[in-house]
Amino acid sequence: MSLADEARAVLARNDTGLFVKPSQRLYPFQWNWDSALVAAGLAAVDPERARTEVRSLLLGQWADGMVPHIVFHPQDVEYRPGPELWGSDSCDGAPALPTSGLTQPPVLATAVRIVHEAAPDQAFVEEVAPALDAWHRWFHRERAVEGSGLVAILHPWESADNAPRFDRALARVDVEGVSRIERTDQAQIAAAERPTDLDYRRYLAVVASLRACGYRPAAPADAPFTYLDLPLNSILAAAEDDLAWLQSEVGVDPSRAEAAAAGLRTALAATWDEEAGAYRERDLHGGEGVTGTVADLFPLYAGVPDERQARRLVDEHLLASDRFGPSPSAPWAVTTVSKSSPAFDPRNYWRGPVWINVNWFLVRGLERCGLRAEANELRRLTLDLVARSGFSEYYEPTTGEPLGSREFSWSASLTLEFLSEP
Ligand code: 2M8
């Protein structure tokens, strides 16, 4: 079987017909950026199925525009924490389907553009562009942090949950009275490869505080965790460009999305740290965020760095052997935490392992910044890794050992997307 056929077989096995689960048992509902990345990968091989994926995710959209991070389509499965944690049925503007009360990085407009470029369908773009526009407007209305030009995440689940960059911000969250809950992940994956119970108590404490205000604090700064996450802002900037492109395709005025993309880019550019040769995040309640994670490189994805900055990002960080790049002792890249960081942990979830979606964003960023040879090299390395280790959730960077859930949907779909590129 070819690698593409194997990838399609994984997606077929995870497909419920309505949506593709991130993986069979660990994540049995519909997750937001997972589905967008599945649609992007299906674009070239089954565009109609890709459109179904987009439509099923949008069934969970809230009246105010938010597209939630999990949509709990009815299913007979065991998953905890499930819909009862969120209580969306008693929130204003929530859809009839139970959902979470948070969102995730908005890759959906980018995915719809990829689908439309592979198999143009004007009616489909006309159908979904207003929903995408409403979601993007929601970010700027509900999550804008005054004076920063950026939007905030209010929970680590809105980005890379247990990434060390959130450690300090999470450590301030009061877990008094929040007890340990039963988690279905613990029966499936080794504890050393997943967030700890203390992490989970903190996640639940943040959810409880947001739930008390219907997930809509008066201002982002009123939430216990408020973080100016570079990946989410970079993904939103690129998605605004892609939405503007889609709107132009169907004769809708793209000026709001264009202006939003430009504004985000200017704000992202201002986070450049000349001394470090990388970008810097902010934890709104605690000043500087923790550095040394792949988030420091993400504005590359939105085409933010100039030529000199892009070169520094690549030479001093992304491909540097002692940081995120391949080295003789750790040939698989990019790591999600710098190998020089004290927080680097090669087996633990978002704390060091290689992730296929991160590589996909970085390959696109390298291309966007004109670094074609480097983009090709990272694409080749990523395809080598999946060919050798399968479509896992994440990978140990020294051995390439598959970790987390096996048969993971976005690892399969992004392999298809990589293979479809000329
Ligand atoms: C992971 O998140 C879930 C909670 O939402 C978990 O930790 O159980 C993250 O990797 C998230 O980014 C991803 O969308 C989700 C499904 O793959 O799993």
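Here the structure is shown first, and the text comes after it.
Description of the structure in this document. (Residues numbered from 1 in each chain as written. Predicted model: local features only at pLDDT ≥ 70, side-chain atom pairs only at ≥ 80, totals over all residues. Heavy atoms only, no water.)

**Considerations on the layout of surface pockets**
Test applied: Residues are said to line a cavity or pocket when one of their atoms sits within 4 Å of a point; the points come from a 1 Å grid over protein atoms alone, cavities being sets where a 1.4 Å probe fits but cannot get out and pockets being open sets with protein on both sides within 12 Å along at least five of seven lines. Grid points are joined across faces, edges and corners, and a volume is the space filled by probe spheres set on the points. For helices the rule is a DSSP run of H or I covering at least 4 residues; for strands it is a run of E covering at least 2, with both sets numbered from the N terminus onward. Under this grouping Gly is polar, as are all residues other than the nonpolar Ala, Val, Leu, Ile, Met, Phe, Trp, Tyr, Cys and Pro and the charged Asp, Glu, Lys and Arg.
Approximately 250 Å³ is the volume attributed to the largest pocket. What lines the largest pocket is a set of 15 residues, and nearest its centre among them are Arg 113, Ile 114, Glu 117, Arg 364 and Glu 417. Where the lining of the largest pocket is concerned, the elements lending two or more residues are helix 2 (32-42), helix 5 (108-118), helix 12 (356-368) and helix 14 (409-420). Counting residues per element, the lining of the largest pocket draws most heavily on helix 5, at five residues. Among the residues forming the lining of the largest pocket, the class breakdown is five nonpolar, three polar and seven charged.

**Thoughts on the sheet that holds strand 8 (residues 282-283)**
The condition that has to hold: When DSSP finds at least two bridges between two strands, those strands are taken to pair.
Reading across the sheet, the three strands line up as 5-8-9 and stay open at both edges, with antiparallel pairing between neighbours. With partners counted over all chains shown, the strands left at the sheet margins are strand 5 (227-228) and strand 9 (287-288), one partner each. Relative to strand 9, strand 8 runs antiparallel, the two being bridged by two bridges. Following the sheet pairing, Arg 282 is matched in strand 9 by Glu 288.

**Quick look at the site of the ligand**
Formally: We call a residue near a given molecule or strand whenever any one of its heavy atoms falls within 4 Å of it. Two N or O atoms count as a polar contact when they lie within 3.5 Å, although within protein this holds only if one can serve as hydrogen donor and the other as acceptor, and sequence-adjacent residues are included solely when both atoms are side-chain atoms. Each accessible area value is a Shrake-Rupley result obtained with a 1.4 Å probe; residue values ignore everything except the protein chains displayed when judging cover. To decide whether a molecule occupies a pocket or cavity, check its atoms: if more than half lie within 2 Å of the grid points, it is inside.
Not every one of the 17 residues close to the ligand is listed here, only the nearest: Trp 31, Asp 34, Gln 104, Asp 161 and Tyr 349. Between an oxygen atom of the ligand and a side-chain N or O atom of Trp 31, the distance comes to 2.9 Å. Contact between the ligand and Gln 104: an oxygen atom at 2.9 Å from a side-chain N or O atom of the residue. Computed on the free molecule, the ligand has an accessible area of 420 Å², of which 99% lies beneath the protein chains in the complex. With respect to the pocket detection grid, the ligand is positioned in the largest cavity. The residue makeup of the shell around the ligand, split by class, is eleven nonpolar, three polar and three charged.

**Description of the packing of aromatic side chains**
Note the cut-off: Any two of the Phe, Tyr and Trp rings considered here, Trp counted by its six-membered ring, make a pair once their centres fall within 6.5 Å; the pair's planes then place it as stacked at under 30 degrees, edge-to-face at over 60, or tilted in between. With a 1.4 Å probe rolled over the protein chains alone, any residue whose accessible area is under 20% of its type maximum counts as buried; one over 50% counts as exposed, and the rest are partly exposed. Sitting over a ring, as applied to charges here, requires NZ of Lys or CZ of Arg to be within 6 Å of the ring centre and within 35 degrees of the ring normal.
Considering all chains together, one arrives at 30 aromatic pairs under this definition. With a centroid separation of 5.8 Å and 35° between ring planes, the pair formed by Trp 135 and Phe 139 is classed as tilted. Placement of the pair is Trp 135 and Phe 139 together in helix 6 (residues 122-142), with a separation of four residues, close to one helical turn. Like Phe 139, Trp 135 is buried. Residues Trp 157 and Tyr 203 carry aromatic rings whose centres are separated by 5.2 Å and whose planes lie at 55° to one another, so their mutual orientation is tilted. Taken together, the residues span a long stretch of sequence, with Trp 157 in the loop between strand 4 (150-151) and helix 7 (167-171) and Tyr 203 in helix 8 (residues 197-211) at a distance of 46 residues. For the pair formed by Trp 157 and Tyr 203, the shared burial category is buried. Sitting over the face of the ring of Phe 124, Arg 51 holds its NZ or CZ atom 5.9 Å from the ring centroid.

**A closer look at the packing of helix 3 (residues 47-58) against helix 5**
Axes are the key here: two packed helices are described by the angle between their axes and the distance separating the axes. Note the cut-off: Only the stretch in contact is used when fitting a helix axis, every axis being a line fitted to C-alpha atoms; angles between N-to-C directions are given from 0 to 180 degrees. Should an angle lie under 35 degrees it is considered roughly parallel, over 145 roughly antiparallel, and from 65 to 115 roughly perpendicular; all remaining angles are considered oblique. Crossing handedness is defined as follows: a turn of the near helix away from the far one that is anticlockwise and smaller than a right angle gives a left-handed crossing, while the clockwise case is right-handed. By definition, residues are in contact when any of their heavy atoms lie within 4.5 Å.
At a closest axis distance of 10 Å, the pairing of helix 3 and helix 5 adopts a crossing angle of 155°. Viewed along their axes, helix 3 and helix 5 adopt a mutual orientation that is roughly antiparallel. By crossing handedness, the relation of helix 3 to helix 5 is classed as left-handed. Residues Pro 47, Ala 50, Arg 51, Val 54, Leu 57 and Leu 58 of helix 3 lie in contact with helix 5, whose contacting residues are Leu 108, Val 112 and Val 115.

**Some thoughts on helix 2**
An α-helical turn contains 3.6 residues, so any two residues separated by three or four positions project in the same direction. Buried residues dominate helix 2, accounting for eleven of its eleven residues. Along helix 2, the positions that sit buried rather than exposed are Asn 32, Trp 33, Asp 34, Ser 35, Ala 36, Leu 37, Val 38, Ala 39, Ala 40, Gly 41 and Leu 42.

**Concerning empty space enclosed by the protein**
This structure, assessed with the given rule, holds four cavities of 30 Å³ or more. Each pocket or cavity is described by its volume, and for the largest cavity that value is around 290 Å³. What lines the largest cavity is a set of 23 residues, and nearest its centre among them are Tyr 27, Trp 31, Gln 104, Asp 161 and Tyr 349. Of all elements in the fold, only helix 2 and helix 4 (83-86) reach the threshold of two or more residues within the lining of the largest cavity. Split into classes, the residues belonging to the lining of the largest cavity amount to 16 nonpolar, three polar and four charged. As a volume, the second largest cavity reaches approximately 110 Å³. Taken together, 15 residues make up the lining of the second largest cavity; nearest its centre are Ala 160, Arg 165, Val 294, Trp 350 and Val 358. Here the element with the most residues in the lining of the second largest cavity is helix 12; it accounts for three residues. A per-class count over the lining of the second largest cavity returns ten nonpolar, four polar and one charged.

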